[in-house]
Amino acid sequence: MEKMPLTQAAPSNLQLAKTPPPPPSLAEKCEHAYLQKYGPAKGATSPAMMQLGGALLLIGRALMAKPLAGSEQKADRKEAQRVYHSAYKTPGSINPDGSKTSFFSKTTLMNMITSITQSLTVAPKIADVGETPVEPSLKGRNSHQTIKQDFVGRNGVKRGSEELHRVDVLNRRQLSLTEKLKDLHQKQENLKAEIQPGETKKLTNLKAIEKEIHACEHDLKNCEKALKADRDHNSSNTSRDVLEKNNFAEARNNNVPGAVNFRSQTVTTSLVSGEIKTETFQRFGAIWDPRNGLLNLKELSEFASAQKSSDPMEVFEAKGKIQSRIAELNDMKKKFTSKDQLVLIDESISHLQGLLSRPPSISEAFRNVENVIADRRRFLREQLLEPIVCQMKDNAAKMYEVQNGDSKEKVFPMFHLGLLTGTENSDFQASGWAHMEHNQIGDMAQIFNELQGCKIVVTDKEHSYFGVEDNDGNAILYLSKDDIAQPAAAVGEVPVPNLQVGETVTLSTCFMNVSVQGHNVNDGMQAEINKKAIEQLFSWTVNITDDAERTEVRNTLASLRTRLEDKKESSFGLATDIAMVARQLGALSEGCLSCKDRGGTIAEMIAIKIIETNLKNEAAKSKDPDLKKDPSLVEKEHQDIAKDSHKFTQEIFDENGACVKVVIDCTGVKCAKVDYRQVPGLDKINVARNSIGLGVKFVSGGLDVVPEKS
Amino acid sequence: MDKGYIYSLTHTETNTKQISFQQNTETSTHIHSATNYVNIESQTTEFKKHLTIAFEILLKEEKSYLEKSAIESLNNDLKRYLTHLENIIYLIQHPINGNIQKSTLDSIETIAKIKFESEQYADSLALYILLTTLIPENADIWCRAGIAAHENESYELATRLFTAASTLDQSLIYPWVYSAHSYLQLDLLFDAEACYAKATEISLESSENDPLIDNALRGLQSILQKHA
């Protein structure tokens, strides 16, 4: 009998070869798929990413191998059409490029494919020749021109309501421009008749009038074109759409100066006593110049002013800053290389180089840049015409009188809260649309600053307009008495401004900016602007006649200053607190880039806070003897009101809420693009719910601004 | 990834481009007369670029992939399609009678699949995009287009296609998982988180158990936790 070898446990090589290898695990399969596609270099960086990427590759292969799902998956055709337009951003109107017998050669392939989809659903409207393309999704949404919402407390009692009204800025602008042109032509005729040779001042005035006529005619033409295309307001995407698919250098001049997504928001508090308290604030997008978003009025004005200074040190410092900006712009050429981007970068560099030419008093290049600055100033100021007029109508009670020598001067205070992000993030699109919010802050701060002290003359003309500038770039606002008259239905509800034709009011302006998401620090240009603005708000407190109220407001302002300057806070909460105190001092407005997401959120927070404040004040001042006897009852009432406010906060982002309806009105997306984690008072469960909803924001096909990172 | 890149996907500039279908001998004179006029202006969008590629593939490569009968059917539809396109005004006033034949859709889908399997993702994407224009109500087509865009590393476009798919069919989990990964590639963590949350929600509600989906969700969770 053979002895068994003691060491025969291990199988031979032959036996090993015959044993089938264990099947690869799922993780191994994923890893293999990933490495096969991307190679080891990319996979080695993150095992989790490798597992994820590999799994997706395998899922994709498996899914593609299946037969295509058939009719059982077919959705509603209207929904499909909406989804289709959102995904590809296809225009709804066919533009035959000037010919009524438009053939394949004269249109783009995209228009053709769009029309096929449309033909499968509903017959589209045929656009007029030369009509400005209008996004189909923006048509037919006028159901959101007026938005109403009730605030119903936990026990079912209505605590208040709000009504948002979208202002038809372009209709108003058309009327305003027509009125202005009539006046300018009259002035032109008069001057021409009386001017004598050698009267240089009158000649200069005549030239200024002719220049203004030219600008007005240009605006009126664009305005009429937009109105013809059923667009009576500047929506959140208008300035972007104007450039898209068009020649940048020409298309940018099609922008009509008018506040973007401009709405008035009236908040009504239903007091327990049965009385109602109403107040109105405004909301609109950034006042900026989309024709060139790489520069801003603040820096251009400051550079130009410094270059003209007699102080050589000031000139030298400005020169350094200008050169630094030129270097920045030159650097951008490496990153932004589309034809339109390069056109805009070169133009901006050219403007800045013009400011370096010396001596400024005789340099033609410098004068050219001054014309650019004047044009930008005009463009920005015109956007504020409707907001100023509407504020004077809705918030006449905010007007106050100050003693000026022997006479009394009427002053109208206007406060705007910007919600822009001041960091130099670049959303510079290939179309030449440069959305850089630090520049928008610069534009807004400067134009509000320049309108400080602007004279408003009440006239019997039918429509309001800004008159011709004086030599310092100041323009008088001719305010139509009709424009500020209340409709018959509202008489008695809103105080009517006690203004007579020929009377003058001085505008007092204040602009602050509080970034609410992205870069939440009060620093840089924002801090500089806010520091001055807080002082301005303090100066307005002298008009509060009640001593206790004045003290309270000043204390609040002091606390806000601490939060801004010491804690460098910049948040949704701070923005709301600032708005709440500013509305006590002047006519309030607020907004971000397009005033739908960030601006819409703040608007709702303000509305909720207004209702809460009014109800709490009523409870505190109640004449109910029971409440007077027992302060804890007031405290309990305050707690109940706060709980209702908490409920309203949870409802801000509801699909049927005012905030989201404005977003729908602008883009069709049923979701506000906000970092919900930054919204104070929003329960975690709602943060999650809303965040999930945010996942579908790309229904807008990237219509919106910079994706706001968390 | 910088935003300039993200937006370049939807604002790509392309120089004037001629589409030529001359090599296709099967197509009718209608197609020739129409296509000779095709002259896409500058500022062509990414969308148009994809459709151009799709037409080129169909008219140049159909013989490599399809049976003769399928080619005939496809060409008949393309001819009808292009004949209507010849006159835009006519097309607006007289919608195409009847949809594209199922056999045509199948033919395009077949080529798209083959292109995907052979890792020619750009071509596959172009054909799926063409299909979305023909049957926009089909969520599955949007989902497949999204996957092709994803594999082509066109992540921003992928998110839009997946959005369309998930809007049309809210029970689909794939769009959310793929979108989460796409947003990660685009450095949009907040969006990635939101998509992950939705994918998890659908996964929990679903009675089906797909180990690959579970693996993908675990990978996502791990990545998102690291960024948290």
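For every chain, the first residue of the written sequence is number 1, and numbering continues from 1 along that sequence. The lettering of chains begins at A and the numbering of ligands begins at 1, in the order of writing. The predicted nature of this model means local features are confined to residues of pLDDT at least 70 and side-chain atom pairs, given and counted, to a pLDDT of 80 or more, with totals for whole chains, interfaces and linings taken over all residues. Excluding hydrogens and water, the side-chain values take into account all heavy atoms of the structure.

1. Points about the overall build of chain A
For step 1, the next point in the chain: What counts as a helix is a DSSP run of H or I of at least four residues, what counts as a strand is a run of E of at least two, and both are numbered from the N terminus. Broken down by element type, chain A carries 24 helices and 13 strands.
For step 2, the next point in the chain: The criterion used for residue contact is that any of the two residues' heavy atoms lie within 4.5 Å. Long-range pairs, those at least 24 residues apart, make up 71% of the contacts in chain A between residues at least 6 apart in sequence.
For step 3, the next point in the chain: Here, Shrake-Rupley sampling with a 1.4 Å probe gives the accessible areas, and only protein chains in the shown set may cover a residue. As displayed, chain A has an accessible area near 31500 Å², and 52% of this comes from carbon and sulfur atoms.

2. Focus: the pairing of strand 1 (residues 146-152) of chain A
Residues and elements named next belong to chain A.
For step 1, the next point in the chain: Here's how the labels work: a residue is buried when its accessible area is under 20% of the maximum for its type, exposed when over 50%, partly exposed in between, all with a 1.4 Å probe on protein chains only. Along strand 1, the buried face is formed by Ile-147, Gln-149 and Phe-151; none of Thr-146, Lys-148, Asp-150 and Val-152, which line the opposite face, is buried.
For step 2, the next point in the chain: Both strand 1 and strand 2 (residues 158-166) contribute to a ladder of 7 bridges, which runs antiparallel. Note that in strand 2 the partner of Val-152 across the bridge is Lys-158.
For step 3, the next point in the chain: Linking strand 1 back to strand 2 in an antiparallel pair, the connection comprises 5 residues, with Gly-156 at a positive phi of about 85 degrees. Strand pairing is defined by DSSP finding a minimum of two bridges between the two strands.

3. Quick word on the packing of helix 18 (residues 547-566) of chain A against helix 19 (residues 572-585) of chain A
All names here are of chain A.
For step 1, the next point in the chain: To define axes, lines are fitted to C-alpha atoms, for helices over the stretch in contact only, and angles between the resulting N-to-C directions are given on a 0 to 180 degree scale. At a closest axis distance of 11 Å, the pairing of helix 18 and helix 19 adopts a crossing angle of 150 degrees. Overall, the two elements helix 18 and helix 19 adopt an arrangement that is roughly antiparallel. Helix-helix and strand crossings are classified by hand; for helix 18 and helix 19 the assignment is left-handed. In contact with Glu-549, Val-553, Thr-556, Leu-557, Leu-560, Arg-563 and Leu-564 of helix 18, helix 19 contributes Gly-573, Leu-574, Asp-577, Ile-578, Val-581, Gln-584 and Leu-585.
For step 2, the next point in the chain: Here the contact of helix 18 with helix 19 is built from residues that sort into 8 nonpolar, 3 polar and 3 charged. Should an angle fall under 35 degrees it is taken as roughly parallel, and over 145 as roughly antiparallel, whereas 65 to 115 is taken as roughly perpendicular and any remaining angle as oblique. Left-handed describes a crossing in which the near helix is turned anticlockwise from the far one by less than a right angle; the clockwise case is right-handed. The classification used treats Ala, Val, Leu, Ile, Met, Phe, Trp, Tyr, Cys and Pro as nonpolar, Asp, Glu, Lys and Arg as charged, and all other residues, Gly among them, as polar.

4. Quick word on the confidence of the model for chain A
Residue and element names in this part refer to chain A.
For step 1, the next point in the chain: A score from 0 to 100, pLDDT tells how confident the predictor is in each residue. On average, residues of chain A carry a pLDDT of 81, and 79% of them reach 70 or more.
For step 2, the next point in the chain: Confidence scores differ between elements of chain A, with helix 6 (residues 109-121) showing the lowest mean pLDDT of 35 and strand 13 (residues 587-591) the highest of 98.
For step 3, the next point in the chain: Low confidence marks residues 1-17, where pLDDT is under 50. Its contacts with residues over four positions away, or in another chain, come to 0 contacts.

5. Brief notes about the side chain of Asn215(B)
For step 1, the next point in the chain: Looking at the secondary structure, you find Asn215(B) in helix 12 (residues 211-227).
For step 2, the next point in the chain: Among the residues examined, Asn215(B) registers a relative accessible area of 8% and is labelled buried.
For step 3, the next point in the chain: Contacts of Asn215(B), omitting those with residues within four sequence positions, involve Leu26(A), Cys30(A), Gln51(A) and Ala55(A).

6. Focus on the pattern of salt bridges
All names here are of chain A.
For step 1, the next point in the chain: Salt bridges are counted wherever a side-chain nitrogen of Lys or Arg sits within 4 Å of a carboxyl oxygen of Asp or Glu. Summed over all chains, the structure comprises 52 salt bridges over all chains.
For step 2, the next point in the chain: For Lys-187, the salt bridge goes to Asp-183, with nearest N and O atoms at 3.3 Å. Within this pair, Lys-187 and its partner Asp-183 are both found in helix 7 (residues 169-194), separated by 4 residues, close to a single helical turn.
For step 3, the next point in the chain: A relative accessible area of 14% means that Asp-183 is categorised as buried.
For step 4, the next point in the chain: For the salt bridge of Arg-325 with Glu-299, the shortest nitrogen-to-oxygen distance reads 2.8 Å. With a gap of 26 residues between them, Arg-325 in helix 12 (residues 312-335) and Glu-299 in helix 11 (residues 297-307) connect regions that are remote in the sequence.

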